[in-house]
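Reading the structure
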Number of protein chains: 2
Amino acid sequence: MNGKNNPEWHRNFRQRGLRITEPRKAILEVLNNTTEHLSAEEIYTEVHKTYPNIGLTTVYRNLELLEEMGIIAKFHFGDGRSRYELIQSPQKPGHHHHLICTGCKQIIDYDDFVDEEIELLNKVEQALSAAHNFQITGHTIQFYGICNSCRGNL
Amino acid sequence: MNGKNNPEWHRNFRQRGLRITEPRKAILEVLNNTTEHLSAEEIYTEVHKTYPNIGLTTVYRNLELLEEMGIIAKFHFGDGRSRYELIQSPQKPGHHHHLICTGCKQIIDYDDFVDEEIELLNKVEQALSAAHNFQITGHTIQFYGICNSCRGNL
DNA sequence: ACCTTAATGAAAATGATTTTCATTAACAAT
DNA sequence: ATTGTTAATGAAAATCATTTTCATTAAGGT
Ligand SMILES: [Mn+2]
Ligand SMILES: [Mn+2]
Ligand SMILES: [Zn+2]
Ligand SMILES: [Zn+2]
């Protein structure tokens, strides 16, 4: 349920000498309760409903912080704004990739065949490291296409 | 060598009733002669050397057009600006993926896919088509990490 | 309750991209 | 070659996301 009191975040903040503030709890709460990939402004709007005095600047600042901390992930889906999601949440598969409909812009979290996929990815990363003398730290994998209903609309 | 007179582009333009203008030839020429992933402004700067009267606005407009036409590809590598490359060029492998150094920001094109990477793509695309009733049209795959020389600088 | 200083909020600044609009030039028709 | 139509251009202004600045507030250790 509500994630803002998740002791793991608390510990994580404390360890870095960071303070646990109302805006931070509010932002994490919003991200914890959605299945979508929200933009900074969308998060701000949501937070604003409960905490009308929290500013957009603070949302941006904390999204940056949370990303550095490895708590959230930032994506660029091509609509001109960054979008964020909690890396671990009850609402989401853990490791997943994205399927984006170029028609309606919906983003689908995809995690079928995860285990096999992760194993293949590891091998690919190893091969790349070796071939290009590159130490891989992360990846972005997105598939584009047309969803069922958009195909109907053609 | 010089690509601005490539008859295929000419045909492509004509078919759509588009005019073959100086700016368009200049932009294609720049993209055809680089191995890099240039931003709109970088392309503008390069074009400007030979055609000082071509404006940045026109560069943006034509990059958008060329992308729609499937002649160039637009990427987001996380530095806040879009970057473009010719889809087909003598300087580049055709379809390829990217390796991005988070240290020096260099982008490496690679198309020496290991079997696992091909397998991964095939499986995922099949699974996605089936499970999500999605017609896949493309994908973007980028690996982030630290290149050899950046690792030395630590 | 008090202090130190990290964190915040409002406003201004920045930077990339888009829009507006008057002018120019591609190119098809003459 | 000249003309006419209209797509394309360039300059300036507008927009939109994100960042910076700076004075004020409040977390949390004492
Ligand atoms: Mn996701
Ligand atoms: Mn490339
Ligand atoms: Zn769709
Ligand atoms: Zn590097």
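Cut-offs applied
- Residues numbered from 1 in each chain as written.
- Chains lettered and ligands numbered in written order.
- Predicted model: local features only at pLDDT ≥ 70, side-chain atom pairs only at ≥ 80, totals over all residues.
- Heavy atoms only, no water.
- Helix = DSSP H or I, 4+ residues; strand = E, 2+ residues; numbered from the N terminus.
- Contact = heavy atoms within 4.5 Å.
- Areas by Shrake-Rupley, 256 points an atom, 1.4 Å probe, with all protein chains shown as cover.
- Near = heavy atom within 4 Å.
- Polar contact = N/O pair within 3.5 Å; in protein donor to acceptor, adjacent residues only side chain to side chain.
- Nonpolar A, V, L, I, M, F, W, Y, C, P; charged D, E, K, R; others polar.
- Donors = N, O, S within 2.8 Å, 3.2 Å for Na, K, Ca; no water.
- Tetrahedral: all angles 85-135°; square planar, octahedral: opposite > 155°, others 65-115°.
- Expected span 1.5 Å × (residues − 1).
- Buried < 20%, exposed > 50% of the residue type's maximum accessible area, 1.4 Å probe, protein only.
- Arc of directions from axis to C-beta.
- Least-squares fit on C-alpha atoms with pLDDT ≥ 70 in both.
- Buried area = accessible area lost by both parts, 1.4 Å probe.
- Salt bridge = Lys/Arg side-chain N within 4 Å of Asp/Glu carboxyl O.
- Pairing = 2+ DSSP bridges.

Further remarks concern the overall build of chain A. The number of helices and strands found in chain A is six helices and six strands. Ordering the α and β elements of chain A from the N terminus gives α-α-β-α-α-β-β-β-β-α-β-α. Expressed along its principal axes, the backbone C-alpha trace of chain A runs to roughly 45 × 45 × 30 Å. By sequence separation, contacts in chain A at least 24 residues apart represent 53% of the contacts at least 6 residues apart. Approximately 8500 Å² of chain A is accessible, and the part contributed by carbon and sulfur atoms is 46%.

For DNA strand C, the set of nearby residues contains 21 residues, the closest of which are Thr21(A), Thr58(A), Arg61(A), Ile20(B) and Tyr60(B). Each atom of DNA strand C within 4 Å of the protein belongs either to a base or to sugar and phosphate, the latter forming 64%. One nitrogen or oxygen atom from the main chain of Gly55(A) is found 3.2 Å from a phosphate oxygen belonging to DNA strand C. Counting residues per element, the surface near DNA strand C draws most heavily on helix H4 (residues 56-68) of chain A, at four residues. Taken together, the residues that form the surface near DNA strand C break down as five nonpolar, nine polar and seven charged.

Let us now look at the coordination of the zinc ion (ligand 4). Those donors, Cys101(B) (SG), Cys104(B) (SG), Cys147(B) (SG) and Cys150(B) (SG), are the protein atoms that reach the zinc ion (ligand 4), and they lie 2.2 to 2.4 Å from it. What the four donor atoms of the zinc ion (ligand 4) show is an angle range of 105 to 114 degrees at the metal, which sorts the shape as tetrahedral.

Below, the discussion takes up helix H5 (residues 115-132) of chain B. Residue and element names in this part refer to chain B. End to end, H5 covers 25 Å across 18 residues, agreeing with the expected 26 Å (1.5 Å per residue, within 8%). Taken residue by residue, H5 has Glu117, Leu120, Leu121, Val124, Ala127 and Leu128 as its buried positions. Axial view of H5: buried residues confined to an arc of 145 degrees, hence all on one face. Within H5, the exposed residues directed more than 90 degrees away from the buried face are Asp115, Gln126 and Ala130. Just downstream of H5, asparagine 133 is the residue with a positive phi angle, here 55 degrees.

Further remarks concern the relation of the copies chain B and chain A. For the pair chain B and chain A, the relating rotation is 178 degrees, the translation along its axis is 0.4 Å, and the fit reaches an RMSD of 1.4 Å. Those values place the two copies in the arrangement expected of a two-fold rotation axis. It is Leu120(B) whose C-alpha, among those of chain B, lies nearest the rotation axis, at 1.9 Å. Most of the interface of chain B is mirrored in chain A: 95% of its interface residues are interface residues there too.

Here the focus is the coordination of the manganese ion (ligand 2). All names here are of chain B. Note on the manganese ion (ligand 2): its protein donors are His37 (NE2), Glu85 (OE), Glu85 (OE), His96 (NE2), His98 (NE2) and Asp109 (OD). The metal-donor distances range over 2.1 to 2.5 Å. Classification of the site at the manganese ion (ligand 2) rests on its six donor atoms, whose angles at the metal span 53 to 167 degrees, yielding the label irregular. Mapping the donors of the manganese ion (ligand 2) onto the primary sequence yields the spacing H-x47-E-x10-H-x1-H-x10-D. With histidine 98 in strand S4 (residues 97-101) and aspartate 109 in strand S5 (residues 107-110), the pair connects residues that are 11 residues apart, well separated along the chain. Look at histidine 98 and you get buried, because its relative accessible area is 1%.

A word on the interface of chain B and chain A. Counting from both sides, the interface comprises 38 residues of chain B and, opposite them, 37 residues of chain A. By the criterion of area lost to chain A, the three top residues of chain B are Leu120(B), Phe134(B) and Phe143(B), representing 19% of everything that side buries. Along the contact surface separating chain B from chain A lie one salt bridge. Ionic pairing is found between Glu116(A) and Lys123(B), a salt bridge with its closest N-O pair at 2.4 Å. Our enumeration of links across chain B and chain A arrives at 14 residue pairs in polar contact (both at pLDDT 80 or more). Where strand S6 (residues 135-146) of chain A and strand S6 (residues 135-146) of chain B come together, 11 bridges link them in antiparallel fashion. For Gln142(A), the partnering residue across the bridge sits in S6(B) and is Thr140(B).

Taken together, 21 residues lie near DNA strand D, and Ile20(A), Tyr60(A), Thr21(B), Thr58(B) and Arg61(B) sit nearest. The sugar-phosphate backbone supplies 62% of the atoms of DNA strand D found within 4 Å of the protein. Between DNA strand D and the protein, one listed contact pairs a phosphate oxygen with a backbone N or O atom of Gly55(B) at 3.2 Å. At 3.3 Å from a base nitrogen of DNA strand D is found a side-chain nitrogen or oxygen belonging to Thr57(B). Listed by contribution, the elements that provide at least two residues to the surface near DNA strand D are H4 of chain A together with helix H2 (22-32) and helix H4 (56-68) of chain B. When residues in the surface near DNA strand D are grouped by element, the largest group, four residues, is from H4(B). Its residues placed into classes, the surface near DNA strand D shows five nonpolar, nine polar and seven charged.

Remember, this is a structural readout, not a statement about activity or role.
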